Amino acid sequence: MKAFIFFFFISFSVVSMAQEINWMTMDEALAAQKENPKKIMADIYTTWCGPCKMMDKNTFTNKDLVDYVNENYYAVKFNAEGTEEVNYNDFKYTNPNYDPNRKGRNGTHFFAHALKLQGYPSIVFFDEEGGIISPVTGYRTPQQLELYLKMIASDEYKELTTEDKWVEYEKNFEPSFKI
């Protein structure tokens, strides 16, 4: 009986350990690119953003998405109103307007300003040299984000130079991430 209980406990522990995206800071991702070039997928969020929390709960926990991101990207988690220092393109970005006593919305980080984001959450893709490819603003399900993840990882985005080509690509894309 003890062996059964032990086996059950170990089995449950292994099953309950969800695989996670290997999040890092922007500076860590840029440094990693120098050693092993790979694109960056940056989740730009705020602590008060409901759709950001939903993406953490519903999108960034999808096993297929987690596996794909970990294999093909350096994944960055960046609080657009936080205090993390970012060294990007020979400039040090900070958030001098951050107020630690403030609840809810806070000063916007200069790096978020530099990315010219239109809202949160925003997923910003960077190429292997750290150049901005494109932001994707708004909540996305795993299957909706899959389109962008695969298009950018494969460099197919470079061929989508017109709205008609984008519409055709989107229409023909068949998601494979399971719900």
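Anyway, here's the lowdown on the structure attached to this text. (Residues numbered from 1 in each chain as written. Predicted model: local features only at pLDDT ≥ 70, side-chain atom pairs only at ≥ 80, totals over all residues. Heavy atoms only, no water.)

### Things to note about the nonpolar core
Across soluble globular proteins, nonpolar side chains have a tendency to be buried as a group.
Inference 1: Met41, Phe125, Leu145 and Leu149 are the most contacted members of the largest nonpolar core, which totals 23 residues.
Inference 2: Broken down by secondary-structure element, the contributors of at least two residues to this core are α4 (63-72), β3 (73-79), β6 (122-126), β7 (132-137) and α6 (142-153).
Inference 3: Ranked by residues supplied to this core, first place goes to α6 with six residues.
Inference 4: Leu149 has contacts with Met41, Leu65, Tyr68, Val69, Tyr73, Phe125 and Phe177, leaving out every residue within four places of it along the chain.
Inference 5: Formed by 20 residues, the second largest nonpolar core is a distinct cluster that contains Met26, Val76, Val86 and Phe111. (Core = buried A, V, L, I, M, F, W, Y, C linked by side-chain atoms within 4.5 Å. Buried < 20%, exposed > 50% of the residue type's maximum accessible area, 1.4 Å probe, protein only. Helix = DSSP H or I, 4+ residues; strand = E, 2+ residues; numbered from the N terminus. Contact = heavy atoms within 4.5 Å.)

### Comments concerning helix α3 (residues 50-59)
Inference 1: Along α3, the positions that sit buried rather than exposed are Cys52, Met55 and Thr59. One side of α3 carries all its buried residues, which in axial view fall inside an arc of 75°.
Inference 2: Those residues of α3 that are buried are in contact with β2 (39-45), α4, β6 and α6. (Arc of directions from axis to C-beta.)

### Focus: the pattern of salt bridges
Inference 1: This model, assessed by the stated rule, comprises eight salt bridges.
Inference 2: In this structure, the salt-bridge partner of Asp67 is Lys63, at a minimum N-O distance of 2.6 Å. Taken as a pair, Asp67 and Lys63 lie in helix α4 at a separation of four residues, close to a single helical turn.
Inference 3: One salt bridge in this structure joins Glu146 and Lys150, with 2.6 Å as the shortest N-O distance. Note that Glu146 and Lys150 are positioned in helix α6 at a spacing of four residues, about one turn of the helix.
Inference 4: Linked through salt bridges whose partners overlap, the residues forming this network are Lys39, Glu128 and Asp155. (Salt bridge = Lys/Arg side-chain N within 4 Å of Asp/Glu carboxyl O.)

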